[in-house]
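Listed below are the residues making up each chain.
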Amino acid sequence: MQPIRQGDVILLPVQQVEGQKIPHLTLAKGEFTGHKHRITEGNAELYEKHSTLYLRVFSESALLDHEEHKAISIPQGDWMVKIQREYEPEGWRYVAD
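Residues numbered from 1 in each chain as written. Predicted model: local features only at pLDDT ≥ 70, side-chain atom pairs only at ≥ 80, totals over all residues. Heavy atoms only, no water.

**Student:** Is there a simple way to explain the overall build of the chain in this structure?
**Tutor:** A count of helical and extended segments in the chain gives zero helices and 10 strands. Going from N to C terminus, the chain has its helices and strands arranged as β-β-β-β-β-β-β-β-β-β. Buried positions account for 36% of the 97 residues belonging to the chain. Once local pairs closer than 6 in sequence are excluded, the contacts in the chain between residues at least 24 apart make up 55%. Of the accessible surface of the chain, which amounts to about 6200 Å², a share of 46% is contributed by carbon and sulfur atoms. (Helix = DSSP H or I, 4+ residues; strand = E, 2+ residues; numbered from the N terminus. Buried < 20%, exposed > 50% of the residue type's maximum accessible area, 1.4 Å probe, protein only. Contact = heavy atoms within 4.5 Å. Areas by Shrake-Rupley, 256 points an atom, 1.4 Å probe, with all protein chains shown as cover.)

Laid out in structure tokens, this is it:
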């Protein structure tokens, strides 16, 4: 499986999901707009360990939705959720979406 990107969210395939199950499917929330990258269709669960999110998709696919991006299909499997960062002279910062 290849990494999947939607805006500033990148999903990286992993061998195993770790952490505590969390009761929602929001992968990231926009700092300025409040828009959310979230799973809106399919059977999936989200986990967190040491401030890192992991997504497990049980169904054949799940739909990752966002108000400003085209919805994309996430295939069945285990994924680490990362938020892209960029460097500025003041230091590293998360990419604003």
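**Student:** For this particular structure, what's the right way to read the environment of Glu18?
**Tutor:** Among the secondary structure elements, Glu18 is positioned in the loop between strand 2 (9-13) and strand 3 (20-22). Classification of Glu18 by relative accessible area gives partly exposed; the value is 30%. Separated by 30 residues in sequence, Glu18 and Glu48 have C-alpha atoms that sit 7.1 Å apart. Discounting residues that sit within four places of it in the chain, Glu18 has contacts with Tyr47, Glu48, Lys49 and Tyr54. Within the structure, the side chain of Glu18 is placed 3.0 Å from the side chain of Lys49, a separation counted as a polar contact. (Polar contact = N/O pair within 3.5 Å; in protein donor to acceptor, adjacent residues only side chain to side chain.)

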